[in-house]
Amino acid sequence: SAARRSWAGCARAGADGEAADWIAEAVRRHAGAVAPHSGAHRPRSRRARRPGGSRRGEADAPFFEGIFYRVTLREEESRRPLPFAVVVNYEEPLGGAGSRGSMQLMGPDDTALTQFISNRGDRYASESDILCVSHWAETTPDWSSRRPRLLTSDTFAAHVLQGYQLTSHIQQGRLVDDESGQEGAWEIRTRPVLAWGDRGAAQRATASILSHLEIFEPGYQVLMAHGLASGWVRWGGKRYTVENAPCYMEKNWGSAFPLKWYWMQCNSFEGYPDLTLTSVGSTRKTIGSLEEEVGTVAVHYNGQFMDFNSLFCRSLEWTVDPWGTWRVEACSDRYLCIVEASVTRPGCTLLGPTVTGMEPVCRDSGHGSVRLQILAADGRVILDARSDACAVEVGGGPWEETWEVAKEFRGDGIARFISLVEGNSLETATL
């Protein structure tokens, strides 16, 4: 299959006889449920030229690509959540000079470590349909001239002192915080369970097939709505064991940058092992100086996928405070979905993409309390679930007052076309 060929290409990138055993294992386990946009993206200015020498798309523009990975542990006795998150980014400013990467490791106390990676040998990023990324900041002296590539876990641990490698099945890295000098490390193997769509079906682009058109930027894709993770994380001098813990992964990329957004994510609902929630709303630029507000509330439940997004809803509303409370309500002809989240912790500041590069424009916590409800049109309660381990975020700005958005949709021609090509999960779900 194409997926197996892509994995084979990633394995060959190991080179020097590095027959990556974990890649071979991933090939054997891979079931074809790969989300679109999993492979690396590139700035328009670095793509192939058209005949005559002109470039496709616009002239040189800034570019970023980021991947977010989250795993939720719980204390054995108290069941208190212990969330960790890894955020890796790559950015190229105008003209491509001064490209750099960054690693962020967010710990269970809502604090984060951050290390920037200079453009040392660039990074390795496969443009196949499979996620394969590696970026090194420092290696042992005997590896100082080598370029980043995928390695076996043991080889990475022996030679890469600071840096990361990441696929859909393994996440491994080490960093030293640029300011405090505190160290963090992680090595986690992941078994993906759900990407973005019904279990066992072809997976969808989070922003529909329109996401393949570059007029809608930045790009956004949930790569894994739910998975099970095992391994370890070292944080604050303590090693945390990870064993079949719920995990999540997403990415964004592009040459345009979100102006303002909120985000919520949870796949650690007590009593609902297959339930996932992802909700996001943002203000983005489209063509020229035009802006639009788009959003979604997406749920996996009982093997079915329901995407209450800006294309297929009758209405979508959100009310988000500068910090502390989030409420989203989405309505289709058949279902009403309500999400209410809150957090009392102050959260921590994370880097986010801006036109001038990665800047501290995000505020996050892994300790949100959330209630997710789905009701049928006749008022029947289909789902009423709660969790104390919801990731919550606000980003961009300004955030001087409560952000309230209320949009109604009538199902225009674009929505009907996408429904015909991809299907409408709100019409096909049978809850």
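Shown above is the structure to which this text applies.
Residues numbered from 1 in each chain as written. Predicted model: local features only at pLDDT ≥ 70, side-chain atom pairs only at ≥ 80, totals over all residues. Heavy atoms only, no water.

**A closer look at the overall build of the chain**
Rules: Secondary structure counts use DSSP, requiring at least four H or I residues in a row for a helix and at least two E residues in a row for a strand, with both numbered from the N terminus. Think of it in three bands: with a 1.4 Å probe and only protein chains considered, a residue is buried below 20% of the maximum accessible area for its type, exposed above 50%, and partly exposed in between. Here, residues are in contact when the closest pair of their heavy atoms is within 4.5 Å. To be clear on the numbers: accessible area is Shrake-Rupley with a 1.4 Å probe, and residue cover counts the displayed protein chains and nothing else.
Summing up its helical and strand segments, the chain has five helices and 22 strands in all. Scored against the burial criterion, the 431 residues of the chain give a buried share of 57%. Sequence-distant contacts, at least 24 apart, represent 61% of the contacts inside the chain between residues at least 6 apart. Carbon and sulfur atoms make up 49% of the accessible area of the chain, which totals about 18,300 Å².

**Remarks on the pattern of salt bridges**
The following threshold applies: What makes a salt bridge here is a side-chain nitrogen of Lys or Arg within 4 Å of a carboxyl oxygen of Asp or Glu, nothing more.
A complete count under the given rule lists eleven salt bridges for this structure. In this structure, aspartate 388 and arginine 74 form a salt bridge, with 2.9 Å as the shortest nitrogen-oxygen distance. One end of the pair, aspartate 388, is in strand E21 (residues 381–396); the other, arginine 74, is in strand E1 (residues 63–74), with 314 residues separating them in the sequence. Overlapping salt bridges, with partners in common, bring together Arg74, Arg79, Glu270 and Asp388 in one network.

**Looking at the side chain of asparagine 267**
Keep this limit in mind: Here a polar contact is taken to be a pair of N or O atoms separated by no more than 3.5 Å, where protein atoms must pair a possible hydrogen donor with a possible acceptor and residues adjacent in sequence count only if both atoms sit in side chains.
Take asparagine 267: it is sitting in the loop between strand E12 (260–266) and strand E13 (276–285). Only 2.9 Å separates the side chain of asparagine 267 from the backbone oxygen of cysteine 247, close enough to count as a polar contact. In terms of polar contacts, asparagine 267 uses its side chain to reach the side chain of glutamine 265, at 3.1 Å. For asparagine 267, the residues in contact, after removing those within four places along its chain, are Ala225, His226, Gly227, Pro246, Cys247, Tyr248, Leu275 and Thr276.

**Re the pairing of E12**
Keep this limit in mind: Criterion used throughout: strands pair if DSSP finds at least two bridges between them.
In terms of residue burial, E12 counts as a mostly covered element, since seven of its seven residues are buried. In E12, alternate side chains face the same way, and those of Lys260, Tyr262, Met264 and Cys266 on one face and Trp261, Trp263 and Gln265 on the other are all buried. Sheet analysis places E12 next to E13, joined by seven bridges and oriented antiparallel. Residue tyrosine 262 lies in a different strand from E13, and its bridge partner there is glycine 281. Of the strand pairs in this sheet, E12 and E21 are connected by six bridges, and their pairing is antiparallel. In the sheet register, tryptophan 263 faces E21, and the bridge partner there is glutamate 393.

**Re the sheet that holds strand E10 (residues 219–235)**
One open sheet accounts for eleven strands, arranged E4-E3-E2-E1-E11-E10-E9-E8-E7-E6-E5; its pairing is antiparallel. The open sheet has two edge strands with one neighbour each: strand E4 (112–118) and strand E5 (124–125). By the bridge criterion, two bridges tie E5 to strand E6 (residues 132–139) in an arrangement that is antiparallel. The partner of tyrosine 124 across the bridge, within E6, is serine 134.

**Some points on the environment of glutamine 373**
Relative to the helices and strands, glutamine 373 resides in strand E20 (residues 357–376). Once residues lying within four places of it in the same chain are set aside, the contact partners of glutamine 373 are Leu336, Cys337, Ile338, Glu340, Leu383 and Asp384. Within polar-contact distance, the side chain of glutamine 373 engages the side chain of arginine 371 at 3.5 Å.

**Re the packing of aromatic side chains**
Here is the rule we go by: Pairing of aromatic side chains requires ring centres within 6.5 Å, counting the rings of Phe and Tyr and the six-membered ring of Trp. Pairs whose planes differ by under 30 degrees are stacked, by over 60 edge-to-face, and all others tilted.
Considering all chains together, one arrives at eleven aromatic pairs under this definition. Relative to tryptophan 143, the ring of tryptophan 136 has its centre 5.8 Å away and its plane inclined at 45°; by these criteria the two rings are tilted. One exposure class covers both tryptophan 136 and tryptophan 143, and it is buried. Counting every residue linked through ring pairs, the aromatic cluster contains Tyr262, Trp318, Trp399 and Trp403.

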